[in-house]
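Spelled out from the first residue to the last, the chains are:
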Amino acid sequence: MIEKLNFHLRFKTSFGQAIFITGNHPLLGNGKIEQAVPMVYLNDDYWVLHLETKGLLKEGTITYSYFIQNADGTRSFDWGSDKSIIADQVATKELVLIDAWNFTGYTDNAFYTAPFANVLLQGSNNQVKPAIPKNTTHVFRVKAPLLAPHQTICIIGEAKEIGGWDAAKAVPLQKIIDQPYFEIALNLSKCNFPFVYKYGIYDTAQKMFVSFESGNNRVLYEPVGANKLVLAQDGFAQVGHTQWKGAGVAIPVFSLRSNQSMGVGEFSDIKLLADWAKKIGLKLIQLLPINDTTATHSWMDSYPYAAISAFALHPMYIRLTELVGAGQEKLIQQALAKQAKLNALPDMDYDQVLAVKWEALKAVYKVNGKRDLATPAFKKFFEDNQEWLVSYSAFSYLRDLYGTVDFNTWPTHSKFNAAEIALLADPKSTTYSSIAFFYFVQYHLHLQLKSATDYAHAQGVVLKGDIPIGVYRYGADAWQHPNLFHMDMQAGAPPDDFAVAGQNWGFPTYNWELMAADDFAWWKSRFDQMKYYFDAFRIDHILGFFRIWSIPMHAVEGILGHFVPAIPVGINEFSAKGIAFDHYRFTMPYINETILFQEFGYDNDYIKANFLESIGDGHYALLPAFNTQRAVEAYFAKEAQTESNAKMKQGLYNLIANVILIDGDKPQQYHFRFNIGQTSSFKHLDESTKYVLNELYVDYFFKRQDAAWEKEAMKKLPMLKRSTNMLICGEDLGLVPSCVPDVMYQLGMLSLEVQRMPKATHKTFFHPNDAPYLSVVTPSSHDTSTIRGWWEEDRAKTQQFYNQEIGQWGDAPIYCDGWINKAILLQHLYSPAMWAIFQLQDFMGIDEAIRRADPNEERINVPANPKHYWRYRMHLSLEQLMEADQFNQEWYHLIKASGR
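A brief structural summary.

Calculation criteria
Residues numbered from 1 in each chain as written. Predicted model: local features only at pLDDT ≥ 70, side-chain atom pairs only at ≥ 80, totals over all residues. Heavy atoms only, no water. Buried < 20%, exposed > 50% of the residue type's maximum accessible area, 1.4 Å probe, protein only. Helix = DSSP H or I, 4+ residues; strand = E, 2+ residues; numbered from the N terminus. Arc of directions from axis to C-beta. Contact = heavy atoms within 4.5 Å. Phe/Tyr/Trp six-rings, centres within 6.5 Å; stacked < 30°, edge-to-face > 60°. Lys NZ or Arg CZ within 6 Å of the ring centre and 35° of its normal.

Turning to helix H14 (residues 604-611), a few remarks are in order. For H14, the full list of buried residues reads Asn-604, Ile-607, Lys-608 and Phe-611. Buried residues in H14, looked at end-on, bunch into an arc of 110 degrees, giving them a common side. On its buried side, H14 packs onto helix H13 (593-600), strand E32 (612-616), strand E33 (619-622), helix H15 (629-637) and helix H16 (643-656).

We now examine the packing of aromatic side chains. One pass over the structure, following the stated rule, counts 97 aromatic pairs. Ring centres of Phe-140 and Tyr-197 lie 5.2 Å apart, and the angle between their planes is 70 degrees; on these two criteria the pair is classed as edge-to-face. Of the two residues, Phe-140 is situated in strand E11 (residues 138-143) and Tyr-197 in strand E16 (residues 195-203); the sequence distance between them amounts to 57 residues. Residue Phe-140 shares its accessibility class with Tyr-197, and that shared class is buried. Ring geometry for Tyr-532 versus Tyr-533: centroids 5.7 Å apart, planes at 50 degrees, classification tilted. Since its relative accessible area comes to 24%, Tyr-532 is described here as partly exposed. Given the relative accessible area of 3%, Tyr-533 is considered buried. We note Lys-143 situated over the ring of Tyr-112; from NZ or CZ to the ring centre the distance is 5.6 Å. Note that Arg-526 overlies the ring of Trp-523, its terminal NZ or CZ placed 4.8 Å from the centroid.

Another aspect to go through is unusual backbone geometry. Here Phe-193 and Pro-194 are connected by a cis peptide whose omega angle stands at 5 degrees. Secondary-structure assignment places Pro-194 in the loop between strand E15 (181-186) and E16. Residues Val-564 and Pro-565 are joined by a peptide bond in cis, for which omega reads 0 degrees. As for its placement among the helices and strands, Pro-565 is situated in the loop between strand E29 (562-564) and strand E30 (569-570). For Asn-30, which is not a glycine, the phi torsion comes out positive at approximately 55 degrees. When its relative accessible area of 44% is taken as the criterion, Asn-30 is described as partly exposed. The residue Asn-227 is not glycine, and still its phi comes out positive at about 55 degrees. Considering the arrangement of structural elements, one finds Asn-227 in the loop between strand E18 (218-220) and strand E19 (228-236).

Structure representation (structure tokens):
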């Protein structure tokens, strides 16, 4: 029985840092960070911890890891869950563990995440059960994820027990089953210490040494001792290998089309998509969010990022024919009668599809519901998901009962009360059957999506999901956990080339302080839910973990927001720069005759008479009834929807946004409005004031915030990454703070690189050859036009791209010929990035016989339009795509030749 545990961690810390150890045992804090055990600084190279086990370590497996407590309060975690002690196998009184710190951002860690461990690299080496012979003095463990199936790691060194540096006598290690490491147990009782060694690659088929690892020799100082076992966990073998690269396809589920679907793509269609992916050599399918967005039972709910539940799946993705047994077809007869018509539509008719499916689901539930909800499989599903399932189902019942998703207006249960909802959902209550209907729907959605996931895995294809940055303001999450959100604010994004007035998503912003108080339990639950179905996920707008663009409720457009958190500009900073601060001039809309004429032309007299008041000297202020964008929106909602009224409404929005500063949370503190240089308010200032204000503006947005934003991200992201083994990709587009790339590198998160959205401000395009390995490259996304659509948007940019990016002479073709589309995709396939992922539309774009005639019909979303109808469907069926042999063969050879 182990009586003493000695931990030795090789790590060089900086001043102010401390190292702790945490593990799933009372000796190590029971896995609770706040109960982690502090280590002791030994020297520049080692931190140590000596523990007496006091009889508490008799059996079982202890898994542990380290973390650094930084001086600024943030933590850096030793990555992985492979540091372990198997007490049953260790027959010694003293166990010495010599560990290497596993830097989270180390490339090889990616290959132990779910897509690789469970699918892409599964079973690549022979595996054995761990065994430690009685005469063992030292055990060595090391990882190497990308060895060939016939290779293993070997150890070689100056001691004769490991070959005496004779490569022919190198000793092979064995891959341990269900563990990421290779292991060997040695008796070094006759060896001299320090013990010098290296790892290498060994060919098990030819039984011969292949090559040494790179770097210096390894040195072990811990000698043999009585009743002592030394376990050296050496991290990664530094063996040369070809970095793994893969390709994937991106498409929303609703965009899929098959002979079996019903006007919308369904979870079961993913199986056909996986067949096609396998056929051409793709290894990944990327989907948009699949959560329930049913707020109004209309096409306004088509926006997949406005989920009423961060956990519930969308009912429209269910396949009705898989719900009914033999002889039950009549239950969905009416739906089947409409299937051909709905499926023949070029795009999704959201309203019709949902109406048909809801009606059919209720008919099937009436007959099969009681039976299905009594099964052991459902009871297990309910037990695993009841935390969100009951509240979501009660919410959905109340939404339909009261005819609105705005829970603030409900006559009852407007505020979530767990005890009241438990009574409402009690199996003995009169409302149970209505609420349990949503259990039934979610259960079958779960079964169908899980079946699709398992099928894709069997084809060697992994699934990548999408976690939206926000939740719907009037959804089940905001209803159940209002304290986790700032319901008085709206999340969005600052202006860019795609949305000149910014974006207002309408979501409440997160109350990160409260979320941190319970160790981000809500976020961890989201990740737990996703791992049922996905191997990797994209964090939508990962910049929101650094800072979020927060917009007041009185604003319609994103332009009037500011970043939170943000260090404001104090009034003293203006005076220090020689500016006589004028609160009214800088913070209120600046309106004069010139501006009114520029905005409204000859209609400016009507605007002055109905919406403004004169404040003298040719200047005006908005009347109190119209001094916010929401007030203007409400007024024009009652008026005729004419082009003239639309122009006046937008003009008034522009006047309201014509400010330089936005008041901060405290008196005499301010935030700059974004793009002040483009406002007429700024243009009407004297040159000296403009120069100084611009200096402060640049400092505010691009200098002073970075350290604070980095700290903010490091409070959240390490804990969240630590809670899941899925591969994490961050959508890091837009106005990217300079600290973001380093934080993502530190955490081993893949970045997103879009060719036409370079992160370097001096470039027009990003070249895929410049991508970091831990990244995803793509020429387009659901928020942009496809390659073909983009080609026709801006002739000047197209010409520049044609000459400079793909190296062609002369005038660029007016339309994107198939060979151009192919050339662009090949650039991405040959990129050093781990993943090259293309929209399905771009795949089809290389073949003029396959692709859609009008590229503008291929676009999924227009970010500048907050009421965009998300309805794109592929024009071919998946069955037709599978039969396009020449097209598929061409893609198979292109992908294979690229090494992906």
